[in-house]
Amino acid sequence: MATAVVARPVARPQSRNRDEEVLVWPDLVFIEFIAAMVFTITLFALSALMNAPLLDQANADVTPNPSKAPWYLLNLQELLLHMNAGMAGVIVPTIWLVIMGAFPYFDRDHEGQGVWFGTEGAVRLTVVGSLVGFIGTWGLILWDSGKIAFFLNDWFGLSGGDTFRFLENVRSIQNQLPWPEWSRSITYLPFNLKILDQGFQHLDFPAWLVEQGIPTAVLVGLPALMIYAMWKLGWVVTRRDALIALFSGFIAAYGVLTLTGTAFRGQGQELVFPWELKVSEGIPGQE
Amino acid sequence: MVAEVTIAMAVETPSKPTIADKIYDKLFHNYVWKSVFRTGYPNTPRNQMLVIATNVFLHLHPTRIHRTHVKITHTYCLGGLSFFMFLGLTVTGILLMFYYVPSVERAYLDMQNIQTTVQFGQLMRNMHRWMAHAMVILVFLHMMRVFYTGAYKPPREFNWVVGVILLVLTFLLSFTGYLLPWDQLAFWAITVGTNIAGSAPVLGPKTRFWLLGGFEVGPDSLIRFYTLHVIGLPLLAAIFMAVHFWRIRRDGGLARPL
Ligand code: HEM
């Protein structure tokens, strides 16, 4: 019996330290009241100053260009431009939510609990992790939209010519390399496996590489590389350290993706500056 | 000797009640007040604890908490404010429901009417919209604060998981509400959003069809999104919030260093 209790110390709430405690009324209730009032007043003021948008009535025949999801989904819409749709829209976010949900089961010790940045080097890991996420995400977006090749050419006169054209963005790896014909249709099943609507029998390897292979390698590889480098440097020692770097990188990447999708994607989802953003409404194909 | 006795007596004699004391007595020690609140006004430690313990709403709290947790910089009230947004959205949402009919013929006209002819209609709509945005942001920031204070560590593992579920529910609540104005913004955002969901391998197309009640956004989508938005998802969110709050208490209040 006793061992059963000892074996699960995690379920035990912390002991209370009564002389360190204050009364909830008034100390906490007062703060909650003030916070609620501040938000109520601010939101009333905001609502008085700024109206919620209401455009023309919905019309399935008139597609705005660009059409955008609600802002908190624009990170996924941005990912969608760079890889297979199912991967960007569903698989990546689902896997990330599962990973995030599993954080506490991976990092189980009590160190640094209940204090902001309570472990050694936590601030450094947060800053560096965020920077890696920020710069890495921007870099990848710029590369994949062909902007890096454009800058190199236009600003520095550096052109790879036709030899390096395949490096212009991820899609050009599929289009600009002399893939042998057979690699574009590799039969990997002797029958056509029909799951619901799609059939699976042949693999277009270059397309697979560009839409799934490389994105997967980047999404798994870059964070792993970052944590490995930090471990080599002696910055990441505990599981908590690894999670801080990973989570901070995620927050930065999430922020960059949301911001790009919201403010930097113009007509045809071209990468533009926010002040160049405009929306045209037209009949599809006639804009 | 004599002087000493008088001083002691002066201390022990209660001072004559002032007008304020009399009003206080009339207000808080009468039969009706006590039938509602049981305790007097919370001006003594005993009453302050009783008011928390005997009031169904305040009773979400313990009667006493650790000193560090009332510091604003520990939580920035982010979880509490997320909940407050949820409450505010419920109130403004119910008000909007009085005027809004989720049919393709009426939805857009009702929105225009809410903005132009309903008393405070525009204000209610604005409040509902901005609070929804605020809630998404607040919940996300709350998650960040929980992470960076290491508050998901044992014994709070499961409450973190409940939190992740609440995050998803918050996104879904906001997403389903987005279609209801039935304007171009709503229609195309939901078209894009459900296309994203529909791109999932194997289950995607079915999920999309199930969400929209058809192959594209139409009358059936509107009623589905409406039902999810006003009852299905809020109910789920309320249940998970109840679990979330209950677990905070069961896990011994907020996390602090061992
Ligand atoms: C609708 C969404 C949510 C509501 C209304 C909510 C509400 C709250 C409240 C009121 C607290 C008390 C402390 C505080 O205010 O910070 C709290 C604590 C907590 N929340 Fe949330 N929360 C939500 C979402 C989340 C999310 C997305 C996560 C994480 C993924 C999360 C994880 C936690 C944990 C682990 C605690 C305990 C913190 C500690 O012990 O210091 N919650 N929540």
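### Focus: the environment of Gly129(A)
Residues and elements named next belong to chain A. With respect to the secondary-structure elements, Gly129 resides in helix α5 (residues 122-144). Sequence separation of Gly129 and Pro223 is 94 residues, and the distance between their C-alpha atoms is 9.2 Å. For Gly129, the contacting residues outside a window of four places in its chain are Arg124, Met226, Met230, Ala245, Ser248 and Gly249.

### Regarding the packing of aromatic side chains
With the rule as written, the count across this model stands at 34 aromatic pairs over all chains. It is Arg129(B) that lies over the ring of Tyr178(B); its NZ or CZ is 5.0 Å from the centre.

### Re the coordination of the iron atom of the ligand
Residue and element names in this part refer to chain B. Those donors, His142 (NE2) and His244 (NE2), are the protein atoms that reach the iron atom of the ligand, and they lie 2.0 to 2.1 Å from it. Each of the six donor atoms around the iron atom of the ligand contributes to a set of angles spanning 86 to 180 degrees, which defines the coordination as octahedral. Here His142 is found in helix α8 (residues 121-148), whereas its partner His244 is found in helix α12 (residues 219-250), with 102 residues between them in sequence. Relative accessible area serves as the criterion here: at 18%, His142 is assigned to the buried category. Here His244 falls in the buried class, since its relative accessible area comes to 13%.

### Focus: the confidence of the model for chain A
Caution applies to low-pLDDT regions: their predicted coordinates should not be interpreted in detail. Mean pLDDT over chain A: 86, with 90% of residues reaching 70 or higher. Every residue in residues 1-9 of chain A is under pLDDT 50, and counting partners more than four places away or in other chains gives zero contacts.

### Notes on the site of the ligand
Residue and element names in this part refer to chain B. In the vicinity of the ligand, 25 residues are found, and the nearest of them are His142, Arg145, Gly163, His244 and Ala255. A distance of 3.4 Å is found between an oxygen atom of the ligand and a backbone nitrogen or oxygen belonging to Gly80. One of the side-chain nitrogen or oxygen atoms of His142 is found 2.8 Å away from a nitrogen atom of the ligand. Counting residues per element, the ones that place at least two in the shell around the ligand are α6 (78-97), α8, α9 (157-178) and α12. Considering only residue class, the shell around the ligand consists of 15 nonpolar, eight polar and two charged.

### Comments concerning the interface of chain B and chain A
Counting residues at the interface gives 90 residues for chain B and 90 residues for chain A. For chain B, the biggest contributors to the area lost against chain A are Trp130(B), Tyr148(B) and Gln184(B); these three give 10% of the whole. Where chain B meets chain A, there are four salt bridges. Salt-bridge contacts for Lys153(B) lead to Asp107(A); the nearest nitrogen and oxygen are separated by 3.2 Å. At the junction of chain B with chain A, the criterion picks out 40 residue pairs in polar contact (both at pLDDT 80 or more).

Conventions adopted
Residues numbered from 1 in each chain as written. Chains lettered and ligands numbered in written order. Predicted model: local features only at pLDDT ≥ 70, side-chain atom pairs only at ≥ 80, totals over all residues. Heavy atoms only, no water. Helix = DSSP H or I, 4+ residues; strand = E, 2+ residues; numbered from the N terminus. Contact = heavy atoms within 4.5 Å. Phe/Tyr/Trp six-rings, centres within 6.5 Å; stacked < 30°, edge-to-face > 60°. Lys NZ or Arg CZ within 6 Å of the ring centre and 35° of its normal. Donors = N, O, S within 2.8 Å, 3.2 Å for Na, K, Ca; no water. Tetrahedral: all angles 85-135°; square planar, octahedral: opposite > 155°, others 65-115°. Buried < 20%, exposed > 50% of the residue type's maximum accessible area, 1.4 Å probe, protein only. pLDDT = per-residue confidence, 0-100. Near = heavy atom within 4 Å. Polar contact = N/O pair within 3.5 Å; in protein donor to acceptor, adjacent residues only side chain to side chain. Nonpolar A, V, L, I, M, F, W, Y, C, P; charged D, E, K, R; others polar. Buried area = accessible area lost by both parts, 1.4 Å probe. Salt bridge = Lys/Arg side-chain N within 4 Å of Asp/Glu carboxyl O.

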